[in-house]
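Summary of the model geometry
Okay, here's what each chain looks like letter by letter:
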Amino acid sequence: MTSAWAMAWLILTPLVAAALAFAFPRLGRSLALGTAGVIGLAVAHLMRLVFANGVQTHLVSGWGAPLGIELRADGLSVLMLIVTALIGVAIALYSQRYFVSEHDDEALHRERYFWPLFLFLWTALDALYLSADIFNLYVTLEMLGFAAVTLLALAGTRAALTAALRYLFVSLSASLFYLLGVGLVYGQCGTVDLPSLAAQARSGPALWVALALMTGGLIAKAALFPLHGWLPPAHANAPAPVSALLSALVVKGPFYILLRLWFEAFPALMTPAVAQVFGALGAAAILWGSVNALFQPRLKLLIAYSTVAQLGYLFLLFPLAASREGGFMAWSGGLMLLGAHACAKTAMFLTAGNILHAAGHDRIKDLDGITHVLPVSVFAFGLAGMSLIGLPPSSGFAGKWLLLNAALAQGQWWWVAVMILGSLLAAAYIVRMLAHAFTRVNEPKTPNPIPPVMEGTALALALLAVVLGFASPWAAELLRVGAPVVGPIVMGGSVP
Amino acid sequence: MNLHSPILLGILLSSFVTGLVIFFLKEESHRLRTWLNLLGAGVKLVLVAVLLSGVYRGEPYTFAIEFLPGIPFALGADANSVLFVTLSSVLWFCTTLYAVGYLEHTPHRSRFFGFFSFCVTATTGIALSANLVTFLTFYELLTVTTYPLIVHRGTREALRGGKIYLTYTLIGGAVLLLAVVWLHALAGPVVFKERGVIQALAGTRRGELQVIFLLFMIGLGVKAALVPLHGWLPKAMVAPAPVSALLHAVAVVKAGAFGIVRIVYDVYGAQTAAALGVLHPLAVAAGVTIVYGSVRALFQDELKKRLAYSTVSQVSYIVLGTAILGPVSTIGGLVHLVHQGIMKITLFFCAGNYAETLGTHRVSEMNGVGRRMPLTTAAFTVAALGMIGVPPLAGYVSKWYLQKGAIQAGEEWVALVLGASSLLNAAYFLPILYRAWFNPPPEHWPAEHRFGTWETNWMLLLPPLVTAVLVIWAGVFAESSFSPLVWVKLVAAREYAP
């Protein structure tokens, strides 16, 4: 199988499955499982090819840029596809039982629409990570936004609908900004193809405006502080598997496009000042999100604010990877954190779903003794928490280690302070939840039974978040393929 | 990797797998859980014995897999590791037996023993780490796995103690992380090696290395309970007695002290550290801690609290020995790593026995316990006298070497500190012994339980007796070929080899 086929399978399988699931609702569950299997194989194959032969490209129907659609997979794309596939598989498994176990016709009605939308979202993400021009990225971004908003609205509650409307408004206007920027770029450069833009290496006031418009739209979609306001209500009020998808995957799409724009298409515009501004917004997000998470009354809101904070870490990649010394360390560290966050956050939202299901609510102060009824879920929450805090050997640790190392090597100690403070705050909000869970109660309430697969999926992802730290050399090697930043992955070396 | 690496992994897995399996056991399968616990602890002991003889013969033990880019997850066994791993596996065996007896008929035992085993895995991991990043990994895992043990009872007080513990240790861990990352940014991957690995940088990066050393000592000092970072230790006393025993003698506090030993000898190297001028401040901090802990212990009526402050003081003997340059004080400090462990675990076992059998928690309630529980009190007496430094017990050996080492190094003030501390030790232990043996017992104990033939449950009685015998043996046979002292002399000889 060539890489073209692998890429085609990655986009077409979920798309066709989505259409089938819409037409034949009964098949939704099996279609999702089948899709998960096919995508898993295709991603593994594509990864092998990228490792062996470098960056893979494919011109759809043989039409090249600037007119045709080009699919392109480098190390970064493959990493994003792998993360998407992992989370996708987990959600497909978890949701097999999630809706049924509510024993309620409403829930079954929701499930009818959940599967096609979920598969469509998967299509959008895969297409996004394989697109090689900024207009196709726009199209996939719109698909992603549409699927995300509709999935959120599925919850059907007043709070969810309010949040969905707000999300829709932000998402649409952000897309508009982005599209304006694309238009300006096309007018200036005559192309929207990423490699061609990189080759032109142009700058000038019009491009500055274009990039500012696109960036503004993208950081609103990625919920970077101070444009994060829409995220907590949206992520906290969705059904559990949807919350997980939104937090783990959807917000990562626009972040990925930002990386492509600033590091690949217009690296000349990435001045130190710009990099520092990105970093400062990221730092503010870390602190603001973490402090807010500390004071949330509900578990799902706590997790949602934690997402705001964790997204902040990703933006520290800008000031650290833009520098020559240790740039690649920061680049791979930031992207490892992205994967770590995806696994850990999915595990957490799934756990929260289990707790909601068992206890009927997620008010943190009333969760005393939940350990005794849901030991596996609480254990999963704790493990995922380890990764968010960045305790070794978790994947969160590996990512932070590289970022910290790069920051110290470059003398940018202020980011070191922010990262360490952020870790401690994360520890505080996670322990706040765990302390309630460990509190002894005299008469534990009998909980609603939880299907084993729902607890098992959460635990598996949490374990993955912890042990994937050991995969960091592999991830770094993968990210090397076609990376826009260079440099060693180990610092120092004066010791024999 | 060589043929020996399975032993290193086996030592870790013997408790890790045990813990995993125990998590999935039903609460009622008491017998199976007990056998699994003892089996795991027994297997670990055997493997450690094999390791011990191998390292003595000079065989190399290494194991490494990829972890961070360019930095492996590496295990190894040098003389230092073996010292700590032997201590922890022997005392784990005793504590397991004790904990089974102690927790009979209480809820959530599967959870308890699961985390208990993980905690020991983390401790042995700390002992066997061959580089700084692996050490950091197990050090943080220890923090995490100890928390559920401290809050095990789930009471408000326990949760508060747990919160204080985590606040201290996680902040300490963050400082340690900063030190580790910074050192890596300067020096590249850091492996543990006798006489240190950073000599090359000592000339050019003096200031930075001094700051990093300070960060190391803060990060490790939290667990080692160096004043003023000791605040969590007395609060963590809400944990069940076997946990306290483990915390004070083997796991948390020792991990901090062992970390300091590692940093001074195997990362900086004692000579380099002395040249950087960082050892003297450390010695002063240890001296202050020794006196302060003893003074605070004097005023505690609650037995476990008194023992906790005594730990604050005694653990710093190890730090003090490490901070004074010279082979003799190295011997004194390292040997106390073992001696303090066996003495303190005996004391905590006994304190738990009094609480479980008679319901006495306070020193003022201990009148005549010696008549009601002669064996327990005998063990307590041996350990307490050892702590004071009465010959020929274990504590005497430590103090003798520390004293001699300090005088050789020209640090006479240390002799004063040690003398004062011994007097204070006597002042807070001897009244307990007097009460226990010579005062008449009260008519009713606060909450008495009867356990048939023996003065208490045999599973509670046997461990302190065994460890008390070890206290005597470590002192009387200090110069025989099977004693901690002889092993420590081997370490010191390697560190100060020309």
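For clarity, every value in this text was computed on a predicted model and none was experimentally measured.

What follows concerns the overall build of chain B. Scanning chain B from N- to C-terminus turns up 21 helices and two strands. The globule rule puts the C-alpha radius of gyration for 498 residues at 23 Å, and the 21 Å found for chain B is close to it. Counting only residues that meet the buried cut, chain B has 62% of its 498 residues in that class. Contacts spanning at least 24 positions in sequence make up 80% of the contacts within chain B whose residues lie at least 6 apart.

This paragraph deals with the overall build of chain A. Across its full length, chain A carries 21 helices and two strands. Taken over C-alpha atoms, the radius of gyration comes to 22 Å for chain A, in line with the 23 Å a tight globule of 496 residues would show. Its C-alpha atoms put chain A at 70 × 60 × 45 Å along the principal axes. Taking all 496 residues of chain A together, 62% fall into the buried category. Partitioning the contacts of chain A with sequence separation of at least 6, the portion at a separation of at least 24 is 80%.

So, about the interface of chain B and chain A. Every contact between the two is made by 34 residues of chain B and, on the other side, 32 residues of chain A. Elements that contribute at least two residues to the side of chain B that touches chain A include exactly strand 1 (62–68), helix 5 (132–150), helix 6 (156–187) and helix 7 (199–202) of chain B. It is helix 6 of chain B that contributes the most residues to the side of chain B that touches chain A, 14 residues altogether. Here the side of chain B that touches chain A is composed, by residue class, of 23 nonpolar, seven polar and four charged.

On to helix 1 (residues 5–23) of chain B, then. Helical geometry note: an α-helix holds 3.6 residues per turn, so side chains three or four residues apart project in the same direction. Residue and element names in this part refer to chain B. In a regular helix each residue adds 1.5 Å, so 19 residues correspond to 27 Å; helix 1 covers 27 Å between its end C-alpha atoms and thus fits that length. The largest bend in helix 1 is about 35°, located at leucine 13. On the buried face of helix 1, the contacting elements are helix 2 (30–56), strand 1, strand 2 (71–76), helix 3 (79–102) and helix 4 (109–128).

Residue and element names in this part refer to chain B. Where helix 10 (residues 241–249) contacts helix 15 (residues 327–357), the two axes come as close as 9 Å, and the packing angle between them is 165°. Accordingly, the angle class assigned to the pair helix 10 and helix 15 is roughly antiparallel. Relative to helix 15, the crossing made by helix 10 is right-handed. Note on element contacts: helix 15 touches helix 10 through Gly341, Lys344, Ile345, Phe348, Phe349, Ala351, Gly352 and Ala355, opposite Ala241, Pro242, Ser244, Ala245, His248 and Ala249. The class makeup of the residues in the contact of helix 10 with helix 15 is nine nonpolar, four polar and one charged.

What follows concerns the pairing of strand 2 (residues 70–73) of chain A. All names here are of chain A. Side-chain alternation along strand 2 places Glu70 and Arg72 on one buried face and Leu71 and Ala73 on a second face that is also buried. The pairing of strand 1 (residues 56–59) with strand 2 spans four bridges and is classified as antiparallel. Note on strand 2: the bridge partner recorded for leucine 59 is glutamate 70.

Before going further, it helps to examine the confidence of the model for chain B. Looking at chain B as a whole, its pLDDT mean stands at 90, while 99% of the residues score no less than 70. Quick note on the complex model: pTM equals 0.93, ipTM equals 0.91.

All names here are of chain B. One can describe the packing of helix 15 onto helix 18 (residues 394–408) by two numbers: an axis separation of 8 Å at closest approach and a directional angle of 160°. With respect to each other, helix 15 and helix 18 are oriented roughly antiparallel. As helix 15 runs across helix 18, the sense of the crossing is left-handed. Here Val328, Ser329, Ile331, Gly332, Gly333, Val335, His336, His339, Ile342 and Met343 of helix 15 come into contact with helix 18, specifically with Ala394, Gly395, Val397, Ser398, Tyr401, Leu402, Lys404, Gly405, Ala406 and Gln408. Each residue belonging to the contact of helix 15 with helix 18 can be placed in one class, and the counts come to ten nonpolar, nine polar and one charged.

As a further point, take the environment of Leu161(A). Relative to the assigned elements, Leu161(A) resides in helix 6 (residues 158–189). C-alpha separation for the pair Leu161(A) and Asn237(A), spaced 76 residues apart in sequence, amounts to 8.9 Å.

Criteria and thresholds
Residues numbered from 1 in each chain as written. Chains lettered and ligands numbered in written order. Predicted model: local features only at pLDDT ≥ 70, side-chain atom pairs only at ≥ 80, totals over all residues. Helix = DSSP H or I, 4+ residues; strand = E, 2+ residues; numbered from the N terminus. Rg over C-alpha atoms; globule rule 2.2 N^0.38 Å. Buried ≥ 20, exposed ≤ 12 C-beta atoms within 10 Å, placed from the backbone. Contact = placed C-beta atoms within 7 Å. Nonpolar A, V, L, I, M, F, W, Y, C, P; charged D, E, K, R; others polar. Expected span 1.5 Å × (residues − 1). Bend = angle between axes of the 7 residues up to and from the residue. Axes fitted to C-alpha atoms, helices over the stretch in contact; angles between N-to-C directions. Parallel < 35°, antiparallel > 145°, perpendicular 65-115°, else oblique. Left-handed = near helix turned anticlockwise from the far one by under 90°. Pairing = 2+ DSSP bridges. pLDDT = per-residue confidence, 0-100.

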